Amino acid sequence: MLHFTDTEFAGRLARTEAEMERRGLDGMLVFAPESQYWLTGYDTFGYCFFQCLVLGGVEPVLLTRSADLRQAQLTSTIGDVRIWVDRDGATPADDLQALLADLGLAGKRLGIETDTHGLTAANYMKLAAALDGRAELVEASDLISELRLVKSEAEIIYARRAAELSDDALDAALDKIGPGADEGEILAALQGAIFAGGGDFPANPVIIGSDRHALLCRSHSGRRKLSGRDQITLEWAGAYRNYHAPMMRTVVVGEPRDSHRRMNEAAVAALQAAEACLKPGNPMGLVYDAYARTMDAAGFGHARLNACGYAVGARYAPSWMEHQMFYHGAPTVIRPGMTFFLHMIMMDSRTGTAMCPGRTSLVTEAGAEPLSRHGLGLLCR
């Protein structure tokens with residue numbers, strides 16, 4: 001069940017421990033599921049409950065529920081799994097405090113991941129109370145997150161496969177899109193192609209909306225049938241070994257309006273301008289500025305967003321987005337081996353028109369390498 005070699009996992013742990021030492025941390029409380037996966041292969045949705053991977057002892061130790069014991073044994077390199085017991089009034093934070101004492105980490109300076117759905121505010125408050133005076137907690141949500149940004153060769157293989165599945169999903173969706181088509185059948189074809197190709201559930205729901213709902217960039221409940229002249233926006237992600245390669249497109253049903261043509265032309269120009277800036281050494285903010293400048297020059301400043309994409313990789317629900325985003329002044333420096341999703345979301349409420357091309361790119365020494373085999377022409381059915 002392991003998707004990487006022991007050598008790769010050991011290298012990741014060594015880099016993490018080196019960064020911990022540089023920051024003066026004696027240990028690390030790892031709550032983000034993608035951090036746990038990257039370090040050990042541990043693959044579960046059990047992070048909806050209290051669980052923590054502790055670094056700083058002889059080896060990583062996982063504190064979790066009994067339901068995830070075999071999950072850890074079968075999907076990870078973790079050799080030491082401790083169980084907190086489900087019961088009325090259970091206090092796993094106290095169990096973690098006792099575990100830290102057992103590992104010799106009591107009273108130590110410990111990094112902690114708080115910017116994660118793997119640690120609720122309620123659990124954090126209980127943990128802070130349990131460790132008050134027993135350890136110094138230091139915010140370190142960025143430590144492993146930033147290490148994960150640059151992908152290894154093995155990770156890039158999975159990213160490329162995820163992108164192939166994204167392309168297959170678009171092909172399957174396009175086969176279904178047309179007058180009278182049911183959004184549910186389109187969605188089933190799109191997601192089914194990813195599953196048929198050996199892919200995974202994406203870390204957040206697929207966005208699908210037509211007519212006025214094509215202007216939404218979030219998923220919603222309820223499906224409709226396409227009319228003879230319509231538009232449908234899709235945002236999805238091929239996911240393989242939990243690595244994501246999102247894509248986004250607006251498909252026109254019937255004869256495109258002039259606004260569709262003009263917006264697609266502007267969106268493609270903005271995407272190409274942004275990708276041209278997706279080079280090693282550039283800050284992420286420079287990419288956003290190229291996007292915004294192009295959109296504004298085309299007269300669509302009112303229809304664009306305040307961000308145009310983000311880093312991607314192995315992620316867990318409820319979002320496939322990494323923390324690093326493209327916005328004005330975004331400071332993260334782009335490096336080879338990073339993967340990014342750029343979306344040119346245009347929502348023009350004045351005309352009721354949407355146009356949203358987007359694709360994932362790998363950063364190489366030469367710049368952006370789009371991972372999709374699909375072009376950027378206006379899609380009509």
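Residues numbered from 1 in each chain as written. Predicted model: local features only at pLDDT ≥ 70, side-chain atom pairs only at ≥ 80, totals over all residues. Heavy atoms only, no water.

Novice: Explanation requested: the packing of aromatic side chains in the structure shown.
Specialist: How two aromatic rings sit relative to each other is given by the distance of their centres and the angle of their planes. Scanning the entire structure with this criterion turns up 12 aromatic pairs. Measuring from centroid to centroid gives 5.9 Å for Phe-4 and Phe-9, while their planes differ by 85°, and the two rings are edge-to-face. Its relative accessible area of 4% is what places Phe-9 among the buried residues. Ring geometry for Phe-4 versus Tyr-243: centroids 6.2 Å apart, planes at 70°, classification edge-to-face. With Phe-4 in the segment before helix H1 (6-22) and Tyr-243 in strand E9 (residues 243-253), the pair connects residues that are 239 residues apart, well separated along the chain. Of the residues examined, Phe-4 reaches a relative accessible area of 7% and is grouped as buried. Taken together, the aromatic side chains of Phe-4, Phe-9, Tyr-158, Tyr-240 and Tyr-243 make up a single cluster linked through ring pairs. The lysine or arginine in question, Arg-12, covers the ring of Phe-4, its NZ or CZ lying 4.1 Å from the ring centre. (Phe/Tyr/Trp six-rings, centres within 6.5 Å; stacked < 30°, edge-to-face > 60°. Buried < 20%, exposed > 50% of the residue type's maximum accessible area, 1.4 Å probe, protein only. Helix = DSSP H or I, 4+ residues; strand = E, 2+ residues; numbered from the N terminus. Lys NZ or Arg CZ within 6 Å of the ring centre and 35° of its normal.)

Novice: Honestly, the side chain of Thr-44 in this entry has me stumped. Any pointers?
Specialist: Relative to the assigned elements, Thr-44 resides in the loop between helix H2 (33-40) and strand E2 (52-55). Engagement of the side chain of Thr-44 in a polar contact is seen with the backbone nitrogen of Gly-46, the distance being 2.8 Å. Within polar-contact distance, the side chain of Thr-44 engages the side chain of Asp-68 at 2.6 Å. Not counting residues up to four positions away in its chain, the partners in contact with Thr-44 are Gln-51, Asp-68, Gln-71 and Tyr-316. (Polar contact = N/O pair within 3.5 Å; in protein donor to acceptor, adjacent residues only side chain to side chain. Contact = heavy atoms within 4.5 Å.)

Novice: Would you explain the side chain of Gln-51 in this entry?
Specialist: Checked against the element boundaries, Gln-51 lands in the loop between H2 and E2. Given a relative accessible area of 1%, Gln-51 falls into the buried group. Polar contacts involving the side chain of Gln-51 include one to the side chain of Thr-64, which spans 3.0 Å. If sequence neighbours within four positions are ignored, Gln-51 has contacts with Val-30, Phe-31, Gln-36, Tyr-42, Thr-44, Gly-46, Leu-63, Thr-64 and Asp-68.

Novice: Help me understand the pattern of salt bridges, please; the structure alone is not making it clear to me.
Specialist: What the rule picks out here adds up to 23 salt bridges. Here Glu-136 and Arg-109 are joined by a salt bridge, their closest N and O atoms 3.6 Å apart. Placement of the pair is Glu-136 in strand E6 (residues 136-139) and Arg-109 in strand E5 (residues 109-112), with a sequence separation of 27 residues. For Asp-171, the salt bridge is made with Arg-373, and the minimal N-O distance between the two is 2.7 Å. Residue Asp-171 is found in helix H7 (residues 153-176), and its partner Arg-373 is found in the loop between strand E15 (367-370) and strand E16 (379-380); the two are separated by 202 residues along the sequence. We classify Asp-171 as partly exposed; its relative accessible area is 28%. Linked by salt bridges that have partners in common, Glu-19, Arg-22, Arg-23 and Asp-142 make up one network. (Salt bridge = Lys/Arg side-chain N within 4 Å of Asp/Glu carboxyl O.)

Novice: Whenever I open this one, the sheet that holds strand E3 (residues 61-64) confuses me. Can you help?
Specialist: Sheets are built from strands paired through backbone hydrogen bonds, the pairs being either parallel or antiparallel. Across the sheet, six strands lie side by side as E4-E3-E2-E1-E5-E6; this open sheet has mixed pairing. Of all the strands in the sheet, just strand E4 (80-83) and E6 have a single pairing partner and so form its edges. Strand-to-strand twist of the sheet, defined as the mean angle between neighbouring strand axes without regard to direction, takes the value 25°. Here E3 pairs with E4 via four bridges, running parallel. Within E4, the position partnered with Thr-64 by the bridge is Ile-83. On the sheet, H2 packs against strand E1 (27-30) and E2 and is oriented at approximately 50° with respect to E2. In the packing of helix H4 (residues 92-102) onto the sheet, the strands contacted are E1, E2, E3, E4 and E5, and the crossing angle to E3 comes to about 160°. (Pairing = 2+ DSSP bridges. Axes fitted to C-alpha atoms, helices over the stretch in contact; angles between N-to-C directions.)

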